[in-house]
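Notes for the structure review
The primary structure of each chain is shown beneath.
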Amino acid sequence: AQSVAQPEDQVNVAEGNPLTVKCTYSVSGNPYLFWYVQYPNRGLQFLLKYITGDNLVKGSYGFEAEFNKSQTSFHLKKPSALVSDSALYFCAGLSGGSYIPTFGRGTSLIVHP
Amino acid sequence: KAGVTQTPRYLIKTRGQQVTLSCSPISGHRSVSWYQQTPGQGLQFLFEYFSETQRNKGNFPGRFSGRQFSNSRSEMNVSTLELGDSALYLCASSAGQGNTGELFFGEGSRLTVL
C-alpha cells in the first residue's frame, strides 16, 4: 500500500520569503514522487518529479524539492515566494509496478503581499 | 501540442439523472485516468484506461463507469446522480508505457447536482 501525507492544510508566507510545503510518503520499494499545482478552477499542472539520482530536484517556476529517504519526506521549496504562487499544491507518490499515483490531500499556499 | 481537453466544463443536473463527460488526451498518449475532486475528500481516483482496456479501478460504486475509444478519447458516465456526486471531475493523460511519467490534466468538468 502507498500513502502520501501533507500535514498542513494551509501555509501562509509573505512575498519574498522562502516557502516550504511539506510532504511525507509511505511507498514500498523505491518511490516515484511528484508535485503538482492547481490554480482556481483549473486542472493540476506538473511541477517536478523525483525518480532517482540527485536528492534535490528542480522544477518549473523556480520550485525545487528535496527527497529525504531517512525521513520519508519530499518537501517542496522556493527561495522567494511570489503572490502568484498562491494556489493548491498536491504531492503524489507511486511505487514500482503501480500505474496510479496516490495524491495527498493538498496544501493551500497563500502568499501575502 | 494541444493539451488535455474536457467537455463540458460546467453542467448542472438533478438527482436521478445521468451524465456523460468527455476527455480528449494529448496526442499520442494512450493512458487516460479520471479523478473526482471535492473539498472534503480531495482527489480520488476513479479509473484508468489504457489502449481501450480498463487497467485500474478505484473504489467507487457501479454507477460510475467509463470507456476508452480506439483514438484514446475517453468518456465517463455517472448514472442515477446523487447530491454527493457534485464535484470537479478531472481527466489526466500520460504516455502510459511506464509509471514514471507525469500526468497531464485537463481543466475539469464541474458537475453540480441539485
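Residues numbered from 1 in each chain as written. Chains lettered and ligands numbered in written order. Predicted model: local features only at pLDDT ≥ 70, side-chain atom pairs only at ≥ 80, totals over all residues. Heavy atoms only, no water.

Residue and element names in this part refer to chain A. This model, assessed by the stated rule, comprises two disulfides over all chains. For Cys23, the disulfide goes to Cys91, at an S-S distance of 2.0 Å. Disulfide Cys23-Cys91: the torsion about the S-S bond is -65°, which places it as left-handed. Pair noted here: Cys23 is in the loop between strand 3 (19-21) and strand 4 (24-26) and Cys91 is in strand 10 (residues 87-94), with a separation of 68 residues, a long-range link. (Disulfide = S-S within 2.5 Å. Helix = DSSP H or I, 4+ residues; strand = E, 2+ residues; numbered from the N terminus.)

This model, assessed by the stated rule, comprises 15 aromatic pairs over all chains. Seen from their ring centres, Phe103 of chain A and Tyr35 of chain B are 5.5 Å apart, and the 85° between their planes marks the pair as edge-to-face. Of this pair, Phe103 of chain A sits in strand 11 (residues 102-103) while Tyr35 of chain B sits in strand 4 (residues 31-38), each in a different chain. Plain terms: the ring middles of Tyr35 of chain B and Phe105 of chain B are 5.9 Å apart, the flat faces sit at 50° to each other, and that makes the pair tilted. Pair noted here: Tyr35 of chain B is in strand 4 and Phe105 of chain B is in strand 10 (residues 104-105), with a separation of 70 residues, a long-range link. Just as Tyr35 of chain B is buried, Phe105 of chain B falls in that class too. The residue whose ring lies beneath Arg55 of chain B is Phe50 of chain B, and the NZ or CZ to ring-centre distance is 4.3 Å. (Phe/Tyr/Trp six-rings, centres within 6.5 Å; stacked < 30°, edge-to-face > 60°. Buried < 20%, exposed > 50% of the residue type's maximum accessible area, 1.4 Å probe, protein only. Lys NZ or Arg CZ within 6 Å of the ring centre and 35° of its normal.)

Attention shifts here to the nonpolar core. Residue and element names in this part refer to chain A. With 26 residues, the main nonpolar core has Trp35, Leu47, Leu48, Phe74, Leu76 and Tyr89 as its most contacted residues. Of all the elements in the fold, those that place two or more residues in this core are strand 2 (10-14), strand 3, strand 5 (32-38), strand 6 (44-50), strand 8 (64-68), strand 9 (73-78), strand 10 and strand 12 (107-112). What Leu47 contacts, discounting residues up to four positions off in sequence, is Trp35, Tyr36, Val37, Gly59, Ser60, Tyr61, Phe63, Leu76 and Tyr89. (Core = buried A, V, L, I, M, F, W, Y, C linked by side-chain atoms within 4.5 Å. Contact = heavy atoms within 4.5 Å.)

For the rest of this paragraph, the subject is the environment of Ser60 of chain A. Residue and element names in this part refer to chain A. Along the chain, the position of Ser60 falls in the loop between strand 7 (56-58) and strand 8. On a C-alpha basis, the gap between Ser60 and Pro31 in space is 21 Å, while along the polypeptide they are 29 residues apart. Setting aside residues up to four positions removed in sequence, Ser60 forms contacts with Phe46 and Leu47.

All names here are of chain B. Throughout the structure, instances matching the rule amount to ten salt bridges over all chains. In this structure, the salt-bridge partner of Arg73 is Glu75, at a minimum N-O distance of 3.3 Å. Assessed through its relative accessible area of 23%, Arg73 is described here as partly exposed. The class of Glu75 is buried, set by a relative accessible area of 16%. Bridged by salt links that share partners, the residues Arg63, Glu82 and Asp85 form one connected network. (Salt bridge = Lys/Arg side-chain N within 4 Å of Asp/Glu carboxyl O.)

Below, the discussion takes up the interface of chain A and chain B. Often the size quoted for an interface is simply the accessible area lost on bringing the parts together. Between chain A and chain B, the contact holds 23 residues from the first and 27 residues from the second. At the junction of chain A with chain B, the criterion picks out two salt bridges. We note a salt bridge from Glu102 of chain B to Lys49 of chain A, for which the minimum N-O separation is 3.3 Å. Our count for the chain A to chain B interface comes out at six residue pairs in polar contact (both at pLDDT 80 or more). Looking at the side of chain A that touches chain B, the elements that each hand over two or more residues are strand 5, strand 6 and strand 10 of chain A. The residue inventory of the side of chain A that touches chain B, partitioned by class, reads 13 nonpolar, seven polar and three charged. (Polar contact = N/O pair within 3.5 Å; in protein donor to acceptor, adjacent residues only side chain to side chain. Nonpolar A, V, L, I, M, F, W, Y, C, P; charged D, E, K, R; others polar.)

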